[in-house]
Amino acid sequence: MKKLILSIVAACVCFAASAEIVLPRVLGSNMVLQQQSEVNLWGKADPDKKITVTVSWSKDKVRTRSDKDGNWAVKVATPAGSFDHHTITISDGDKLTLENILIGDVWVCVGQSNMEMPVQGYMHQPVENAMTYIRRGSAMKDKIRMFTVKKARSYDKDLDDCVGEWRESAPQSVAETSAVAYFFAHELSHEVDYPIGLITAGWGGSRVEAWMP
């Protein structure tokens, strides 16, 4: 009897785990979404599951159904950029809510070592005025958000996700972000009245073919 109860509990735990919606890491709390466009949202769920997406800036709900492998995808219309904080709720019966989302412009910043070098610089390779920008990082938390892609090789197979997280501008996150990308966003933020999102993927010494279709 004890074994039967343990088996039932284990089955329930496994079912609960499999029912969770899984999103790629580039979709998360603190992110910036491209303004006035149809942005892609996608992820995994149980196969043939009804998925409902609700966004705080619209009363409309977007619905779809996961395929036989659990994959699903939708497009969501975004408004003009602003500093309003938004949420996105995705439900397949259980809700997953992304918080502190901003709408603005998103820039993808890729390249070799000159793109990879962070604001804090390297040993014996300082970045001019770096400490000024780092100390003032928190003042830009609603103006600049950053997602830095961790290095990963894909010689023998395509990768369907990356490692990273969306971070608000703060001293630590600014220090670890690409200097070229952050200084660009910092200057741009003084010219536009909406947030800037940075997705950076720098890899020093990488071949140009890696950045081409």
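Residues numbered from 1 in each chain as written. Predicted model: local features only at pLDDT ≥ 70, side-chain atom pairs only at ≥ 80, totals over all residues. Heavy atoms only, no water.

Enumeration over the complete set of coordinates arrives at 8 salt bridges. Between Arg65 and Asp48 there is a salt bridge, and its shortest N-O distance comes to 3.7 Å. In this pair, Arg65 sits in strand E4 (residues 61-65) while Asp48 sits in the loop between strand E2 (38-44) and strand E3 (50-55), placing the two residues 17 residues apart along the sequence. Residue classification places Arg65 among the partly exposed positions, given a relative accessible area of 45%. The partner of Arg167 in a salt bridge is Glu176, and the shortest N-O contact between them spans 2.8 Å. Exposure remark for Arg167: the relative accessible area of 26% places this residue in the partly exposed category. Here the salt bridges share partners, and the residues they tie into one network are Asp142, Arg145 and Glu168. (Salt bridge = Lys/Arg side-chain N within 4 Å of Asp/Glu carboxyl O. Helix = DSSP H or I, 4+ residues; strand = E, 2+ residues; numbered from the N terminus. Buried < 20%, exposed > 50% of the residue type's maximum accessible area, 1.4 Å probe, protein only.)

Worth remembering: the numbers are spatial, not functional.
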